[in-house]
Structures are given as structure tokens and as C-alpha cells.
Amino acid sequence: MKTNGSPSLRDRLALPVRDIPRSGIRDFFDIVSTMRDVISLGIGEPDFDTPWHVRESTVFAIERGATHYTSNLGYLELRQALTGYVHKKFGVGYNPVTEVLVTVGVSEALDLALRAILNPGDEVLYHEPCYVSYRPVILFAHGVPRAIETSAADGFRLTRAMLEAQVTERTKVLLLNFPNNPTGGVMGRKDLEEIAAFARERDLLVITDEIYAELTYDNAHVSIASLPEMRDRTLFLHGFSKAWAMTGYRLGYACGPAEWIDAMMKIHQYTMLCASSLAQKAAIEALARPDADIGTMVDEYRRRRNFLVASFKELDLDCSRPAGAFYAFPNIARFGLTAKDFALKLLEEERVAVVPGTAFGACGEGFVRCAYATNLDQIKEAMRRLQRFLKRRG
Amino acid sequence: MEELLKILQKNARADHADVAKQLGLSLEEVERKIAEYEKRGVIRGYQAVLNEDALNLDTVTAVIEVKVTPERGGGFNRIADRLSRFPEVRSTYLMSGAYDLLLFVEGRNLRAVAAFVSEKLSTIDGVISTSTHFMLKTYKRLGVLMEPSHEDERLTISP
């Protein structure tokens, strides 16, 4: 709408929002959704059904009338279950009354965390390739995003040297995500100790998005929050989407120092009020017996990971061995196409959807993300099609 | 249970080369292991899981609770073995509780099953009593739901 000389609506949009481009994934989705018979390795969520006992308990929650507001922080029963789980699984203790906030997915938790801690101009260090929302949410919170490029040669790990090259006087927060979307990269205890030492020396706050923590295939996951003197400068983010296949429930949580959680709660209570009561009830049930559900899925993902990596090897496609999440991030640079063109042509010619690495940051150029959250028959057929595609390109 | 067995239990027709790739083994290793399991009697067979209701067959299946007198020396094994050898008996289990053996018996029709129970089963030495229940509909067998599951409702691309 444009009326007599007043600026166009676009010009009146908030600048941090206006200047952020649409997600590259969104564009790609629009193309894929017009096509038929596509095998998608582009789906960033589990193909497993939410465990039946969790779904059944959701129905029960409706029947029992758990359909009202909950405490802003989330049901205390859930927060108690969460701190129990986090203590057992990650070795970090939190007070369920003051140090946990239940959120609408990790996405909301990250948004709150940044808004609660950043003043305009404060810098956030994060590593790319990374989840699509990091840079935008930092900008929405009036922070300054400073991307650190990780590389396949290092298994997409973060090193102290990389941090040193990017840190400034204004750096306030270090944002981590391991196991990593889109690379499948993980950080072992030694790797994290190096990062933790740096954070302590520079007095940085750490936000760690560990949504894929349960999905590791070679070594047990370690949380940076569990390292010495890290708990009180770290905000631990986790949720139910990946390990329990509960993406649509939109349920996440943050654990951290009480002051930080309290500040986040202020924003949460005025903008969201509380996470869905039903999702919270379902989460209580999910935590009541996590091992059986997750173990079966992890075994299956591991087998698919092995299959995919072996297939890439047969196709002579370079791929850093993913050790967590459900993504492989092969290098396609030698075929002389940009990541976007590679993905588009693969889609047009062979009806296989992968996501161009550039959707996850500029240094994703030359890579594509292949999710193995799809059944083996589909993965196998996708590899057959990929082989045909690559053969034509020598 | 070994992972190889888990895969085969879920899908006996799994391509051995694919299985090898999933487990990080060579094709030869996978085939050798399978052959060993077969030889040791760990793998006892490979069958299709049929939705028999969809075939409109007239056959009936009965679940029969059997009380027996255990024998000195052999316990329940000898009588269980004798019952199991009837081709009509598809499955035999020794149970705790109010009866001893649970049989799944298949017959051409109701009369055939009735004849089996009255003429064969109940007349066997050691069988004290039987209680027969006819199966009406199968919803799930061997871990497989008989109704096809829903379509994948996920978005085709997501972050």
C-alpha cells in the first residue's frame, strides 16, 4: 500500500527484519513442492513416528483436561523430570525451580537467550555451516553475528585458533551446536576443553544448542556445560524434536544460571506465556522411559549413516564422516557447479532433493546436506539416482 | 541380540550387500555369519508376514489353552513336542498360570478345528482339558500392523 508520498511499507519495516534475506531452504522447498516422485534427503526431522506411549499420553492429557495455561516456566513436574534427565545424561545439575525454562522448541529458547543477554552491538561468535536461524535471531536481538568458518578437513570442529581469530572486545557470547546440523560434526571432550578454556579466559557466555545430543554414533556425547567452571556461564538448550521424534510438539527447554533463566522468563511470559500444556504432558511421559525409544532409533540412524558414507565412497564423493545428528555433508565442488545449481540439477534430472550447503552459511559453498532421516530403501534409490547424475558429469 | 539378527528379524529379505554396508562388514562376512546362524539353528526360517484377512480365506485359527499332566523325567517337553508335530498346530508355548500349553491351531473351517480338538488333541494321553477360542480378526502379527500405516506427513524440505 502506497499513499500520497508516504514511504512504502517495505521501507517502514524494522531494519533487522527487512534486511534479512528469505531462507534459502524456503526457496528450495517451494520448487520441490511442485514436483512429484521426489526422494527427499532434505528433511531435517526424524522419519520415525513419535513413540506411541508418548502420543497415547497426549490423548490422555486431553481427556484429563490438561488444556489450560501452565506456569510460565512450565509444569514443575516436567522441570523436575528435565533436571533429572540432564543430570543423568549430561552430568550437570540444575535447580528445577529457578534454573529451567520450558520453551516452544529450542528455537524459542535461543531467541529468548539472545534477547535476554545482548545489548545493541554486542557480538556473538558462532560457527558455520550452522542451523539456518542463528544469524537471523542474533540480528533480531540487535546483536552482531560473527561467523567462524569450520571446514571438512577438521571434521567441522571448532578450534581455539579459529576463535582467537574472530574474538573482539565486544564479543559477549559464544554459540555452539554439536552434534551439528548440517555437517554431522561432533566435538569430543578434548575439543570442548580447549573451547571452554578460551571462554573462561575471555569471560564469554556460552549458549550450547544440543538438540542432537542423543544422536551420536561413535562416541558418547559430552556437553560443554559439564566441564569445570562452565555451568555458571553456560546456557544449555535441548528439546524433544529429534531424539523423541516430536518436532510438531514444539517443545524445548533451557537450563542455566538463575539470572539468565529469569530474564528469559520475562520475555517468554509476555510473548508466549507458556509452552503447550499438552506438549509438556507428552514430554513428561517421554522422559519417563527414554532409553528404549531412543536406542532403537539411534541404532537405525547409525546403520543408515554407515550405508550413506559407504555409498559416497563408492561414488568417490568426499565426505567428512558424520558422527552425530542425521546429516551427511559431502563435498561436491569438483563437479564445477555451485551448491545451489548442483541441488537444482539433481532435483530436475533425478528427482532427488538435497539442500545446498550455502543455506547454512557462505562456507557451505561446494557442499550439499543429505539427511538420512528417511528409510533405507529411499536412501538406496537416492544413491542409485545420484550415481547416474554424477556419471553424466564425469 | 546382534545387530545383524535385528535387521533380519525386521526384514528377512534385506539385501546382504546393503546389510554389509550398514554394519561396516564385507559381504562375505555377512553371508558367513548368516550361514552360521542357520547352521546353529538360531535362524529357524524365513517367512512372509501375510495379512490373511485380506485374502478372504475360509480358514480359521483357534487359540487353545491345554492343561496337561507333566511326565516324570520329561516334564512338559515330550507332550509339547507330540502336540507340536501335528501340522494343524502353528505355534506351541508353555505358559505359566491357569493352563500349561497354548496352541495356535489352523484349520480349513470350524468343523476341521473342532474335529482336531475332539478327536486328536483331547484324546492324547496326558491332556487333561482344553479350552478353545476362535480368532476373529488380526490387527497385528509378528510386530507388523495389518492396516497400512499413514503417509509421510513431513514437509519435503525442512531446515
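Residues numbered from 1 in each chain as written. Chains lettered and ligands numbered in written order. Predicted model: local features only at pLDDT ≥ 70, side-chain atom pairs only at ≥ 80, totals over all residues.

Participant: So, the overall build of chain A: which residues are in play, and what are the values?
Facilitator: Along chain A, the regular secondary structure elements total 14 helices and twelve strands. Against the globule reference of 21 Å for 394 residues, chain A gives a C-alpha radius of gyration of 21 Å, in line with a compact fold. In terms of its C-alpha atoms, chain A occupies a principal-axis envelope of roughly 60 × 55 × 55 Å. Expressed as a percentage of contacts within chain A between residues at least 6 apart in sequence, the contacts between residues at least 24 apart total 75%. (Helix = DSSP H or I, 4+ residues; strand = E, 2+ residues; numbered from the N terminus. Rg over C-alpha atoms; globule rule 2.2 N^0.38 Å. Contact = placed C-beta atoms within 7 Å.)

Participant: How would you summarise the sheet that holds strand β5 (residues 171-176) of chain A if you had to cite specific residues and measurements?
Facilitator: Residue and element names in this part refer to chain A. Reading across the sheet, the seven strands line up as β2-β8-β7-β6-β5-β3-β4 and stay open at both edges, with mixed pairing between neighbours. Looking at the sheet topology across the chains shown, the edges are occupied by β2 (100-103) and β4 (144-149). Going across the sheet, the axis of each strand differs from the next one's by a mean of 20°, ignoring polarity. In this sheet, strand β8 (residues 252-255) lies alongside β2 in antiparallel orientation, the contact comprising four bridges. Each residue of the ladder has a partner; that of Val102, found in β8, is Tyr253. Relative to β2, helix α10 (residues 258-271) is tilted by about 30°, and along the sheet it contacts β2, β7 (234-239) and β8. (Pairing = 2+ DSSP bridges. Axes fitted to C-alpha atoms, helices over the stretch in contact; angles between N-to-C directions.)

Participant: Go over the packing of helix α2 (residues 16-23) of chain B against helix α3 (residues 27-40) of chain B with me, naming the residues and quoting the values.
Facilitator: Residues and elements named next belong to chain B. Between α2 and α3, whose axes approach to 8 Å, the crossing angle comes to 105°. The pairing of α2 with α3 is recorded here as roughly perpendicular in orientation. From α2, His16, Ala17, Val19 and Ala20 reach across to α3, where they touch Leu27, Val30 and Glu31. Across the contact of α2 with α3, the residue classes break down as five nonpolar, one polar and one charged. (Parallel < 35°, antiparallel > 145°, perpendicular 65-115°, else oblique. Nonpolar A, V, L, I, M, F, W, Y, C, P; charged D, E, K, R; others polar.)

Participant: Go over the packing of helix α12 (residues 290-314) of chain A against helix α14 (residues 376-391) of chain A, please, and point to the residues and values.
Facilitator: All names here are of chain A. Here α12 crosses α14 at 10°, and the two axes come no closer than 11 Å. The orientation of α12 relative to α14 falls into the category roughly parallel. Where α12 abuts α14, its residues Arg304, Phe307, Leu308 and Ser311 lie against Leu376, Ile379 and Met383. A per-class count over the contact of α12 with α14 returns five nonpolar, one polar and one charged.

Participant: Any chance you could break down the sheet that holds strand β2 (residues 89-94) of chain B for me, citing the residues and the numbers?
Facilitator: All names here are of chain B. Here we have four strands laid out as an open sheet, ordered β2-β3-β1-β4, and antiparallel in their pairing. Looking at which strands have only one partner, the edges of the open sheet turn out to be β2 and β4 (127-134). The sheet shows a mean angle of 20° between the axes of neighbouring strands, direction not considered. When strand β1 (residues 60-68) meets strand β3 (residues 101-107), the two strands line up antiparallel, connected through seven bridges. Looking at the pairing, Ala62 lines up with Val105 of β3. Those strands touched by helix α4 (residues 77-84) are β1, β2 and β3, and its axis lies near 165° from that of β2.

Participant: For the domain arrangement of chain B, give the residues involved together with the corresponding values.
Facilitator: Along its sequence, chain B is carved into domain 1 (3-40) and domain 2 (52-137). Taken over C-alpha atoms, the centre of domain 1 of chain B sits 34 Å from the centre of domain 2 of chain B. (Domains from an automatic or database assignment.)

Participant: I'd like a rundown of the interface of chain B and chain A, residues and numbers included.
Facilitator: With twelve residues of chain B in contact, the opposing surface of chain A contributes 24 residues. No other element matches α2(B), which puts four residues into the side of chain B that touches chain A. Counted by class, the side of chain B that touches chain A contains four nonpolar, four polar and four charged residues.

Participant: So what about the nonpolar core? Which residues, and what values?
Facilitator: The biggest cluster of nonpolar side chains holds 125 residues, and the ones touching the most others in it are Ala113(A) and Ala254(A). Considering each element in turn, this core owes the most residues, eight residues, to helix α6 (residues 105-117) of chain A. Counting contributing residues per domain, this core is built from domain 1 (9-49 + 292-391) and domain 2 (52-288) of chain A, each supplying no fewer than three. Non-local contacts of Ala254(A), meaning those with residues more than four positions away in its chain, are made with Leu101(A), Thr103(A), Ala109(A), Ala113(A), Leu235(A), Phe236(A), Leu237(A), Ile261(A) and Met264(A). With 14 residues, the next largest nonpolar core counts Ala62(B), Ile79(B), Leu101(B) and Val105(B) among its residues. (Core = buried A, V, L, I, M, F, W, Y, C linked by C-beta atoms within 7 Å. Buried ≥ 20, exposed ≤ 12 C-beta atoms within 10 Å, placed from the backbone.)

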